[in-house]
Amino acid sequence: MYFNALKAEERLNAEVDDKELLKWDPMSMRFLDRSLMANKLLNVFDQRFENFLLINATGLSKFHPRAILDYVLGREEDKKKEAKVIEYVDQYFTKVVLANKQLSAGTVRNYKKSLNHFKAYLKVKGKESVAVSSLDNILCIEFKQYLQNNSREGGIGGMTEVSASSILKNFTPIFNRAMDEGLLEKNPFKVLKPKHKSPRRDRLTIGHVKELHDLDLTRFPAQRA
């Protein structure tokens, strides 16, 4: 493939013997024997190339011939499926969060904080190379446990469930997008049930109020003021 003074080549994955080569028609760019697998592959590639031209008609100049060839050969989907989780969340932050001028500075900081916790978790667990397609319920549940674990690295105390939920909720839209892009069949973060409200504290009883009223603070004048 030659485009914009750049070239990309690939060997067709189809065996053709010397006799079949004699049947090549340079005008139709096909073999005269229509039953050959090589012809069928060429037809598929032709159709994919036409689709690519239609989809990207207004922006062809930005594509390298290798990217076009990967699309024609069906490798683009394979590359997407190999995308690492840690790279995908960074790309989402750059392309979606930072690019959205309607988001408040606080929301952007919250996303950044969530991603930092997630990447720290992947590093601690040795899962930095896990692919988006391999993301499952177990990894997400363990991430929640990591956030709430009192023995986390660096001596950091565990979060409350409400605090952990504020971190986890940011991953639902991230991996909803991954589903839309065909990288995931289901969003494993949806199995988590975030709690956004702190548990209600017990109210003071009449007995507690009376004890406070009768408390002797004569030795603590500052508290009596």
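Right above here is the structure, for reference.
Residues numbered from 1 in each chain as written. Predicted model: local features only at pLDDT ≥ 70, side-chain atom pairs only at ≥ 80, totals over all residues. Heavy atoms only, no water.

1. Quick look at helix H3 (residues 65–72)
Counting buried residues along H3, 6 of its 8 residues qualify, which places the element largely inside the surrounding structure. When H3 is considered as a whole, its buried residues turn out to be Pro-65, Ile-68, Leu-69, Asp-70, Tyr-71 and Val-72. Gly-74 occupies a position one or two residues after H3 and carries a positive phi of about 80°. (Buried < 20%, exposed > 50% of the residue type's maximum accessible area, 1.4 Å probe, protein only. Helix = DSSP H or I, 4+ residues; strand = E, 2+ residues; numbered from the N terminus.)

2. Overview of the nonpolar core
Core analysis: the largest hydrophobic core is formed by 33 residues, its most contacted members being Val-85, Phe-118, Phe-143, Phe-171, Ile-174, Phe-175 and Phe-189. Going through the elements one at a time, helix H5 (85–97), helix H6 (105–124), helix H7 (137–148), helix H8 (161–168) and helix H9 (171–180) are the ones with two or more residues in this core. Per-element accounting of this core gives the leading share, 7 residues, to H5. The residues contacting Phe-118, other than those within four sequence positions of it, are Val-85, Val-89, Leu-139, Phe-143, Phe-171 and Phe-189. With 6 residues, the next largest nonpolar core counts Phe-52, Phe-63, Tyr-71 and Val-72 among its residues. (Core = buried A, V, L, I, M, F, W, Y, C linked by side-chain atoms within 4.5 Å. Contact = heavy atoms within 4.5 Å.)

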